[in-house]
Amino acid sequence: MKFSFSSRHIINYSLLAVIFLSGCDTSETALLTEKSIIYCSEGSPESFNPQTVTSGTTIDATAYQLYNRLLSFDSQDNSLIPELAKSWHITRDGTKVTFYLRKDVQFHDTDYFTPTRVLNADDVIFSFERILEQDHPYHEVSGGRYPFFNNNNFASIVERIEKINDFTIRFHLTGPNKGFLSSLATDYAVILSAEYADQLALQSSEQNIDIYPIGTGPFKFQEYRAGSFIRYYRHQDYWQSPALIQQLLFDITPNNTGRLTKLLASECDIVAYPIAHQTIDQHPALSLDQVTAYNVAYFGFNTQKPPFDNKLVRQAVAYAINKDAIMDAVYYGQAERAKSLLPPSAWDYEQSVNQIDYSIAKAQELLAEAGIEPGSLTIDIWAMPVQRAYNPDAVTMAKLIQADLQNIGINSNIVSYEWATFLKRLSNGEHQSVLIGWTADYADPDNFFTPLLSCSSARTGTNRALWCNDEFDQLLADALATSSSEQRRAYYQQAIELIAQEVPLVPIAHSKRFQARSSSVQGLVLDPFGGIDFTKVTKN
Amino acid sequence: MLLFFVRRLSLFLFTMLLLTWFAFSLAHLFPGDPLINLTGQVNANPEQLIALGQQYHTEDHMIFQYFSYLEHIISGDLGLSMASQLPIASELANLLPATIELSIVALAIAMITGVPIGFVAAIYHKRKVDDVILTFSMIGYSIPIFWLGLLAVLIFSIELGWLPSAGQLSLIYEIDHVTGFLIIDILLSDNTYKWQAFADATAHIILPACVVALAPATIFIRLARTTMLEILETSYIKAAKAKGLSFRQIIYRHAVRNAMIQVVRHVGLQFASLMTLAMVTEVIFSWPGIGRWLIDSIYQRDYTAIQNGLLVLSIFIFIVHIITDLTYAGLNPLARERSYGS
Amino acid sequence: MARDKIYQEEEFPSPIQQLWQSFRETPVVMVGFCCFVFLVALALFSPIITPYSSIENHLDSLLVPPAWDDKGNVSFLLGTDNLGRDMLSRLIHGASLTFGSSFIVVIISLFLGVIIGSLAALTKGLKSSFLNHFLDVVLSIPSLLFAIVIVAILGPGLENTLFAITVVLIPQFVHVTRNAISEEFDKDYVLASRLDGASKYRILIYSIFPNIIDKIIRQATLAQSAAILDIAALGFLGLGAPIPLPEWGAMLANGIDLFYIAPWTVYLPGLAILFSVIATNLVGEGMRHAVRARKEYQ
């Protein structure tokens with residue numbers, strides 16, 4: 001340590017004190033630091049139950065840490081592999097799916113709940129019936145919204161769930177469905193504890209189920225301070241090999257520079273959505289991870305409210321946006337320009353689509369056709385306040401779009417709230433237009449169209465355009481029902497063309513997901529569908 | 001002294017009345033239903049709202065509404081935060097101590113550095129040292145604090161890596177909330193890593209406290225300098241000189257003591273501006289204090305939090321003000337004579 | 001002070017003349033004063049002298065460093081930000097937003113404060129006591145905090161910020177004016193004109209104001225430096241000027257995200273604020289000296 005650095009005596013003295021005190025037990029401190037990982041995340045979770053949300057921030061913080069699902073995706077080829085269900089069986093007509101559960105799965109043992117039994121069929125049934133049954137005692141707890149399941153019309157897919165024995169359950173489906181198994185492997189289909197729910201019901205404090213969570217995941221909940229941090233401890237009796245670290249901390253740092261500063265000052269081990277990639281790359285003690293993500297950033301119009309209930313205005317705005325400028329100024333060239341909702345690296349659908357190219361003249365023409373005088377229209381652009389993989393800086397993007405719109409005589413205000421508030425207001429449809437995006441939950445085009453633009457998603461709020469088009473919904477339904485991949489492709493092609501015509505939203509970019517960490521952290525797995533796995537992380 | 005005390009007490013009551021009335025009227029000035037603004041019950045159903053309305057006498061005259069509000073405040077019910085739906089009283093109980101802690105440390109730094117430097121400047125009046133000190137204090141007084149904070153982080157946390165850049169304590173230490181004052185809580189805790197946590201907390205507070213302290217320190221410099229200059233001109237110092245006391249004795253025995261009384265008088269006023277500086281600094285250093293919380297509440301239009309947060313903050317500032325006033329009066333009998341209205 | 005004057009009739013320079021005299025005697029203050037005048041000129045003529053529009057995006061030159069850097073470009077003397085906006089133009093435009101509006105704010109609150117202060121000085125008894133208590137309470141609240149309160153009520157925005165700061169500064173002027181007037185009222189020359197039968201208001205306007213004007217101007221410089229810092233602080237906290245406006249504090253906040261890749265977007269607005277506050281404070285310092293010199297002179 002250096003002593004001759006400051007003229008301020010007080011610093012010297014305090015530092016001396018620090019050095020003296022920290023000198024007592026340096027080896028122990030080192031141990032504690034090594035056993036803990038601090039992950040600087042970009043926002044507060046909305047809830048501790050992934051069933052009730054769609055935001056990636058919440059998924060990152062909860063889904064993989066606290067819970068398990070029946071199935072999961074293989075990280076290499078995205079095929080389905082067993083998780084809590086050790087195997088499963090589908091009848092030939094595709095309407096009955098039977099799951100055989102593992103018998104060694106322990107729930108978290110915490111200050112507020114001590115499990116007396118291992119995971120069994122009751123827990124699985126509780127977890128899904130909470131979503132499916134309107135009159136289930138827990139259905140309305142935390143607002144009664146299950147956006148992912150509502151978007152997929154889960155309630156109409158599953159007829160009932162049957163308990164065969166303590167470790168065997170059977171889902172009776174209304175018909176064969178291609179997406180059903182995949183949806184059970186997504187981050188949202190987590191398994192909760194029925195025993196805990198019963199205990200809470202006795203204390204009539206049902207709302208605690210999503211505030212003080214109990215799951216089977218590798219980490220258990222210890223403490224959460226809203227807007228500040230989440231503290232998780234290792235789940236000692238985890239059914240797979242327990243996590244290598246003892247403590248996992250989510251340091252909630254919405255400020256981009258704040259996160260990078262903490263990383264540079266070694267106050268964070270891992271940072272979500274880093275900015276200034278160059279600085280990190282050049283830094284000797286830091287490294288930058290990236291993974292191809294199935295995502296899209298888009299500019300969505302609230303089609304239920306003027307002026308964007310008018311298709312001509314939507315088209316005009318779409319023509320006015322200079323996407324190339326956005327690629328440079330927001331993504332620094334590290335993203336693909338979007339031609340449709342689907343990332344071209346995953347599916348090659350868009351070749352024949354009539355693209356909307358940047359054209360101010362065309363935009364002005366359309367505005368005139370819509371009968372809007374230049375300068376007479378003022379709109380709100382909602383820009384999300386956090387970084388996501390698909391959009392590292394929505395506010396800057398909003399500023400660029402603001403300038404673009406100025407060119408065609410539309411004035412605009414940029415609106416932003418704290419993330420949780422932003423999402424809440426957005427779901428209520430308070431916006432006129434919004435810059436946001438979507439990360440797929442599994443590798444299927446349907447997971448772009450259905451959650452973003454279907455009528456059911458317009459009701460649940462993930463359809464930010466609040467756009468409901470029967471022709472479009474029919475195309476999606478046909479695509480899911482057909483077994484020919486050729487046929488399916490044709491349906492989706494039509495869906496893309498319909499979007500390009502109606503412009504409920506303007507797709508902007510597909511980007512990789514980045515994560516920065518100090519080089520001493522090893523073994524981190526980023527998931528292409530969002531979520532982070534901390535079980536194999538070590539630090540030296 | 002008693003009269004002085006009574007006069008201050010009346011001022012205190014007058015101010016409390018003014019402040020609570022102000023906070024109460026805010027609920028009506030803010031957009032939305034005043035009842036919801038007061039209570040923060042955004043998710044309440046109509047029946048609950050009716051019950052709340054009865055509690056707060058919304059049907060009655062404004063005065064009754066005000067008194068029922070006052071009743072709630074005094075019983076410690078500050079409503080719920082509209083954004084997080086947590087009770088504001090408990091949020092403040094967590095946040096206010098952090099801000100106080102930062103302010104007190106900063107105040108200590110400002111006084112310990114500012115006052116002696118000011119004395120030195122006065123002793124070397126009209127010489128190089130005085131000029132240099134005055135120039136620096138002028139620059140220190142002019143620097144925008146948020147910019148200073150950023151530069152401090154860049155230099156001390158990132159380039160040199162000496163001090164942490166954000167927060168109150170590294171998250172790896174788990175300290176139970178007892179008093180809300182982190183340093184005290186650490187000392188009270190039975191954590192195995194207690195002393196490391198203490199060292200870590202000390203390291204965390206240095207940078208923000210120094211940033212907050214800079215501007216008040218320059219004010220203390222000026223104050224101490226002016227007071228000392230005045231005192232050196234007084235007849236009792238001249239008398240002491242005539243008695244043959246050495247310069248050192250004069251300074252230590254007479255001048256410093258009398259100058260300190262004047263400085264104490266300004267601590268109250270300084271504390272208020274210090275709290276404001278601390279609020280801005282909290283944003284930069286992610287300090288979990290009331291300033292960051294209040295500014296977030298303004299962004300989120302969390303009216304209940306704004307209104308009651310401000311109320312508690314200003315009451316606190318005013319109490320400090322009164323306490324220093326009384327201390328000063330205790331130290332300096334001359335101050336008790338001042339009165340208004342003549 | 002000893003004065004060697006031959007003639008009995010000496011001509012006293014007016015307080016403003018004395019002020020100018022004392023300014024010219026101290027070079028540092030003179031420099032500060034020149035900078036101050038320069039800033040006023042910048043604020044007035046900013047639309048004419050900026051090389052580019054402050055909100056024009058040059059998408060082919062994003063994040064260009066200042067011209068003295070190797071990668072710099074002379075056409076953007078102080079570089080550009082992440083949207084390719086010219087920093088120099090933005091800083092000049094910002095001068096009228098931050099410095100210029102603080103100037104206007106101070107003048108308005110000076111005007112109102114002096115009127116209220118004069119009326120207060122002429123009242124006595126219970127009203128005066130109430131006013132004093134009220135002033136005590138208001139003055140004990142720091143200006144920035146008070147401004148935050150008002151912005152919290154009105155909602156964020158530049159107009160609201162300016163209004164808030166105007167309101168916040170008024171009590172200081174009331175206080176200074178009232179004290180200065182009460183002090184002057186006890187003096188002999190006032191007594192003289194009173195004996196001549198002049199009314200209170202006449203004394204106030206013709207006898208007292210010319211004698212307290214330097215104190216008020218001094219308070220104005222203090223208020224100005226506080227106003228600059230407060231406007232910038234509110235802009236920095238995102239409660240002031242909206243996003244595209246190049247208010248210095250807001251520019252700085254905008255630059256924070258670029259701190260590690262384009263540090264000039266943080267350094268330059270900060271320096272601009274520092275420069276203008278120092279210039280203002282130097283003028284204030286000169287004013288303080290002048291006031292004290294005049295006191296000693298009497």
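Up top is the structure these notes are about.
Calculation criteria
Residues numbered from 1 in each chain as written. Chains lettered and ligands numbered in written order. Predicted model: local features only at pLDDT ≥ 70, side-chain atom pairs only at ≥ 80, totals over all residues. Heavy atoms only, no water. Pairing = 2+ DSSP bridges. Helix = DSSP H or I, 4+ residues; strand = E, 2+ residues; numbered from the N terminus. Axes fitted to C-alpha atoms, helices over the stretch in contact; angles between N-to-C directions. Contact = heavy atoms within 4.5 Å. Buried area = accessible area lost by both parts, 1.4 Å probe. Salt bridge = Lys/Arg side-chain N within 4 Å of Asp/Glu carboxyl O. Polar contact = N/O pair within 3.5 Å; in protein donor to acceptor, adjacent residues only side chain to side chain. Nonpolar A, V, L, I, M, F, W, Y, C, P; charged D, E, K, R; others polar. Buried < 20%, exposed > 50% of the residue type's maximum accessible area, 1.4 Å probe, protein only.

> Requested: an account of the sheet that holds strand S5 (residues 96-101) of chain A, with residues and values cited.
Residues and elements named next belong to chain A. The sheet built from 4 strands is open, its strands ordered S4-S5-S7-S6 with antiparallel pairing. Each having just a single partner strand, strand S4 (85-90) and strand S6 (158-165) make up the two edges of the open sheet. Across the sheet, the mean angle from the axis of one strand to that of its neighbour is 20°, orientation sign disregarded. As paired elements, S6 and strand S7 (residues 168-173) share 6 bridges and run antiparallel to each other. From the neighbouring strand, Arg-160 faces S7, where its bridge partner is His-172. Its contacts with the sheet put helix H4 (residues 121-132) on S5, S6 and S7, and the angle it makes with S6 is roughly 165°.

> Any details on the interface of chain C and chain B? Residues and values, ideally.
Taken residue by residue, the interface counts 41 residues in chain C and 41 residues in chain B. Of the roughly 3900 Å² buried at the junction of chain C and chain B (both faces included), carbon and sulfur atoms supply 81%. Summed over the shared surface of chain C and chain B, the number is 1 salt bridge. Linking Glu-285 of chain C and Arg-222 of chain B is a salt bridge whose minimum nitrogen-to-oxygen distance equals 3.5 Å. Taken together, chain C and chain B are joined by 2 residue pairs in polar contact (both at pLDDT 80 or more). At the level of secondary structure, the elements contributing two or more residues to the side of chain C that touches chain B comprise helix H4 (126-140), helix H5 (143-154), helix H8 (200-236), helix H9 (248-256) and helix H10 (264-297) of chain C. Here the side of chain C that touches chain B is composed, by residue class, of 30 nonpolar, 8 polar and 3 charged.

> Go over H9 of chain C with me, naming the residues and quoting the values.
Residue and element names in this part refer to chain C. A large share of H9 lies buried, amounting to 7 of its 9 residues. Listed in full, the buried residues belonging to H9 are Trp-248, Gly-249, Ala-250, Met-251, Leu-252, Gly-255 and Ile-256. For H9, the N-terminal capping position is held by Glu-247, with its side-chain oxygen 3.2 Å away from the main-chain nitrogen of Gly-249.

> Tell me what's going on with the interface of chain A and chain C, and back it up with residues and numbers.
Listed as interface residues are 22 residues of chain A and, on the opposing side, 16 residues of chain C. Taken over both partners, the interface formed by chain A and chain C buries close to 1500 Å², and the fraction arising from carbon and sulfur atoms is 64%. Area buried by chain A at its contact with chain C is led by Thr-257, Tyr-332 and Lys-399 of chain A, which between them contribute 34% of it. Between the two partners, chain A and chain C, sit 0 salt bridges. Looking at side-chain class alone, the side of chain A that touches chain C contains 11 nonpolar, 8 polar and 3 charged residues.

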